[in-house]
Each structure stands twice: as C-alpha cells, then as structure tokens.
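Tertiary structure, described
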Amino acid sequence: GHASSELFHAISAEAVRRGLGGFNPQELSNTVWAFAKAGHASSELFSAISAEAVRRRLGGFNPQDLSNTAWAFATAGHASSELFHAISAEAVRRRLGGFNPQELSNTAWAFATANHASPELFKAISAEAVRRGLGGFNPQELSNTAWAFSTARHASSELFSAILAEAVRRRLSGFSPQHLSNTAWAFAVGHASSELFSAISAEAARRGVGDFTEQELSNTAWAFATAGHPSPELFHAISAEAVRRGLGGFNLQDLSNTAWAFAVLNPPSADELFGT
C-alpha cells in the first residue's frame with residue numbers, strides 16, 4: 001500500500017532489460033499482480049510477461065498463478081488475447097479441479113472484465129461451482145461470479161439457481177452494498193428471481209441505503225426496474241437518499257439510469273425525486 005512510482009518504473013525497466021526467462025511462474029504472476037494492484041501501468045512489462053507465459057504454454061502455472069495473472073491483466077486493462085486464450089485452454093484442460101472459490105470467481109471476473117469470450121471456460125466454471133456447491137464462496141465471490149456471467153452474456157440457469165439458493169439461505173448476510181447492487185444487476189440481466197429481489201429489497205430497507213454509493217443506488221434501482229420487480233419501500237429509501245445528497249455525486253449515467261428506473265416502476269416516491 002505504499003505508492004512508489006519511481007520504484008515500480010525501475011523494476012519494470014530492469015525486468016524488461018534482463019528478460020524474463022529466469023522468472024518462475026509464481027514470480028511472473030506476482031509481478032503483474034503487484035503492478036495491477038498498485039495501479040502502475042507498464043505496457044512493456046505486461047507485454048513481456050504475456051509473451052513469456054505464452055511461450056511456456058503456461059507450464060508450471062498453478063491455479064492461483066493462472067487466476068492472478070488473468071486478474072492482473074484485466075485490472076490493468078492490458079489486452080492480450082493470446083494470453084487469455086492460453087489461460088482459458090489450460091484451465092479447461094485441467095477441469096478446474098484445483099481452483100478454489102476465489103480463483104474460480106476471479107478468473108470469471110477477469111475474462112468478463114477483459115471482454116474475452118470463452119464459452120468453454122465459463123461452462124467449465126459453472127459446472128465445477130455447481131458440482132461442489134457454493135457453500136465455500138464468500139459474498140464477494142458469489143456476487144462477482146454472477147456479475148461476470150451476466151457481463152459475459154453466458155447463460156447458466158443451474159449456476160444462477162445455485163447462487164440464488166445460497167444467497168437466500170444466508171439471508172444475504174455479509175453482502176456489502178456493492179455485493180447487493182452487483183447481484184441485483186446480474187440477476188436482472190441474466191436470471192430474474194422474485195425471491196432474490198424481495199430478499200435484496202428487505203435487506204437494503206432494513207440497513208438503510210446510506211452506505212450505498214451513487215452508482216450502487218442507481219444500479220440497484222435500474223436492476224429492479226429491468227426485472228419488473230416493484231419495491232415501493234426500497235425506491236422510497238433510494239429517492240430519500242438521493243434527494244438528501246442533492247444528486248451532486250451522480251454522474252450522467254447514474255442520473256439517466258435512476259430516472260429511467262423510477263419512470264418505469266413509477267413508485268409514489270418518484271415525484272419527490274423528479275422534483276430535485
């Protein structure tokens with residue numbers, strides 16, 4: 001957590017100068033993870049690591065190395081179709097048996113974020129997650145997995161049904177505002193569920209929505225409207241919170257999506273919101 005642009009620049013330059021042949025798979029993976037985590041862009045280093053990993057055909061990469069590498073390239077926004085293709089092929093070849101819930105979730109998230117279509121990989125992740133059951137997935141992993149499959153437009157009714165059952169069983173315990181918002185968005189796009197939307201509405205109303213960001217308020221309202229699930233109590237809470245904040249933190253997309261959602265469902269609180 002210590003920002004040091006000069007140090008990261010020096011590490012990148014030295015690694016590229018030497019070449020990466022002496023790095024083992026964990027070192028390659030940890031390096032790109034660190035640069036992505038620190039938000040330090042280095043296209044030369046990422047290109048070199050991608051080339052080296054593909055040259056080795058990912059030999060020696062364990063599930064964590066594969067998952068962290070995909071996550072890092074997606075987070076850094078460094079497109080490498082050849083690398084993602086290689087990771088997908090290797091993960092499918094291994095049948096994901098050694099992947100833990102975090103690695104399954106992060107891999108799906110990375111491929112969706114990078115907009116790299118891989119139907120075989122998503123099919124394999126879905127099958128493996130359903131086979132094991134989702135009891136070992138934490139709220140972030142459940143939410144991110146649902147988000148990834150919806151974003152990638154990969155239909156998997158079995159997976160969404162399993163996520164629904166697990167989330168409802170836990171009564172959404174441990175779900176942060178972001179998890180609630182992302183889950184609602186994912187199910188609205190891919191697998192509408194009255195039971196889940198009722199549970200999200202009840203949980204959000206119980207906690208209040210003061211901790212939701214503007215995007216989370218907007219996305220939640222959009223999801224409920226898209227799913228055609230009216231929830232006057234939730235929309236009243238969203239409207240009151242938006243009015244209290246004065247809408248100053250809402251960007252144009254947030255404003256547009258929120259207005260659209262309130263117009264579609266037309267709850268009693270719409271008048272107060274539209275008058276702001």
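Okay, so let's go over this structure. Small disclaimer: the values here were computed from a predicted structure and weren't measured.

What follows concerns the overall build of the chain. Tallying secondary structure elements over the chain gives 15 helices and zero strands in all. Along the three orthogonal principal directions, the C-alpha set of the chain runs to about 65 × 45 × 25 Å. Counting the 276 residues in the chain, one finds 49% classified as buried. Put simply, 76% of the contacts in the chain that link residues at least 6 apart link residues at least 24 apart. By element, 49% of the accessible surface of the chain is carried by carbon and sulfur atoms, the whole surface being about 13,300 Å². Taken together, the 20 basic and 24 acidic charged side chains of the chain have centroids lying 8 Å from each other.

What follows deals with the packing of helix α2 (residues 25–38) against helix α4 (residues 63–76). The geometry of a pair of packed helices is captured by two quantities: the angle between their axes and the separation between those axes. α4 packs onto α2 with a crossing angle of 30 degrees between their chain directions and a minimal axis gap of 8 Å. Between α2 and α4, the interaxial angle falls into the category roughly parallel. Once α2 is placed against α4, the crossing between them reads as left-handed. Packed against α2, whose contacting residues are P25, Q26, S29, V32, W33, A36 and K37, the element α4 presents Q64, D65, N68, T69, W71, A72, F73, T75 and A76 at the interface. Class assignment for the residues of the contact of α2 with α4 results in eight nonpolar, six polar and two charged.

With that settled, consider the environment of T151. Examined against the element boundaries, T151 turns out to sit in helix α8 (residues 139–151). Taking the relative accessible area as the measure of exposure, T151 reaches 27% and is therefore partly exposed. Expressed as a C-alpha distance, the spacing of T151 and G19, which sit 132 residues apart in the sequence, is 36 Å. T151 has contacts with A112 and W185, leaving out every residue within four places of it along the chain. Among the polar contacts made by the side chain of T151, one reaches the main-chain carbonyl oxygen of W147 at a distance of 2.8 Å.

Turning to the pattern of salt bridges, a few remarks are in order. Inspection of the entire model under this criterion finds 15 salt bridges. Where R17 meets E14, a salt bridge forms, and the shortest distance between an N and an O atom there is 2.6 Å. With R17 and E14 both in helix α1 (residues 5–18) and three residues apart, this pair spans about one turn of that helix. For R17, a relative accessible area of 61% corresponds to the exposed category. Its salt-bridge partner being R94, residue E90 comes within 2.8 Å of it at the nearest N-O pair.

Attention now goes to helix α6 (residues 101–113). The end-to-end C-alpha distance of α6, which contains 13 residues, comes to 18 Å, matching closely the 18 Å that a straight helix rising 1.5 Å per residue would cover. Of all the 13 residues making up α6, 10 are buried; the element is thus mostly covered by neighbouring parts of the structure. When we look at burial in α6, the residues that qualify are E103, L104, S105, N106, T107, A108, W109, A110, F111 and A112. Summarising the contacts, the buried residues of α6 are in contact with α4, α5 (81–94), α7 (119–132) and α8. Measuring from the side-chain oxygen of the N-cap residue of α6 to the backbone nitrogen of Q102 gives 3.1 Å; that N-cap residue is N100. At the exit of α6 stands N115, carrying a positive phi of roughly 55 degrees.

Looking now at α8. In a regular helix each residue adds 1.5 Å, so 13 residues correspond to 18 Å; α8 covers 18 Å between its end C-alpha atoms and thus fits that length. Within α8, 10 of the 13 residues are buried, which leaves the element mostly enclosed by the surrounding structure. Taken residue by residue, α8 has P139, E141, L142, S143, N144, T145, A146, A148, F149 and S150 as its buried positions. Against α6, α7, α9 (157–169) and α10 (177–190) lie the buried residues of α8. Measuring from the side-chain oxygen of the N-cap residue of α8 to the backbone nitrogen of Q140 gives 3.0 Å; that N-cap residue is N138. Just past α8, the residue R153 takes up positive phi, approximately 55 degrees.

Two numbers describe how helix α13 (residues 232–245) lies on helix α14 (residues 252–265): the axes approach to 12 Å, and their chain directions differ by 145 degrees. Relative to α14, α13 is oriented so that their crossing is left-handed. In contact with F235, I238 and S239 of α13, α14 contributes A261, F262 and L265.

Looking now at the packing of aromatic side chains. Throughout the structure, instances matching the rule amount to 10 aromatic pairs. Geometrically, the ring pair formed by F8 and F35 is edge-to-face, given 4.8 Å between the ring centres and 85 degrees between the ring planes. With F8 in helix α1 and F35 in helix α2, the pair connects residues that are 27 residues apart, well separated along the chain. For F8, a relative accessible area of 16% gives the class buried. Aromatic side chains W222 and W260 sit 6.4 Å apart centroid to centroid with 35 degrees between the ring planes, which places their arrangement in the tilted category. Of this pair, W222 sits in helix α12 (residues 214–226) while W260 sits in helix α14, placing them 38 residues apart in sequence. An aromatic cluster of at least three residues, connected via ring pairs, comprises W185, W222 and W260.

What counts and what doesn't
Residues numbered from 1 in each chain as written. Predicted model: local features only at pLDDT ≥ 70, side-chain atom pairs only at ≥ 80, totals over all residues. Heavy atoms only, no water. Helix = DSSP H or I, 4+ residues; strand = E, 2+ residues; numbered from the N terminus. Buried < 20%, exposed > 50% of the residue type's maximum accessible area, 1.4 Å probe, protein only. Contact = heavy atoms within 4.5 Å. Areas by Shrake-Rupley, 256 points an atom, 1.4 Å probe, with all protein chains shown as cover. Lys, Arg positive; Asp, Glu negative; His and termini not counted. Charge placed at Lys NZ, Arg CZ, Asp CG, Glu CD. Axes fitted to C-alpha atoms, helices over the stretch in contact; angles between N-to-C directions. Parallel < 35°, antiparallel > 145°, perpendicular 65-115°, else oblique. Left-handed = near helix turned anticlockwise from the far one by under 90°. Nonpolar A, V, L, I, M, F, W, Y, C, P; charged D, E, K, R; others polar. Polar contact = N/O pair within 3.5 Å; in protein donor to acceptor, adjacent residues only side chain to side chain. Salt bridge = Lys/Arg side-chain N within 4 Å of Asp/Glu carboxyl O. Expected span 1.5 Å × (residues − 1). Phe/Tyr/Trp six-rings, centres within 6.5 Å; stacked < 30°, edge-to-face > 60°.

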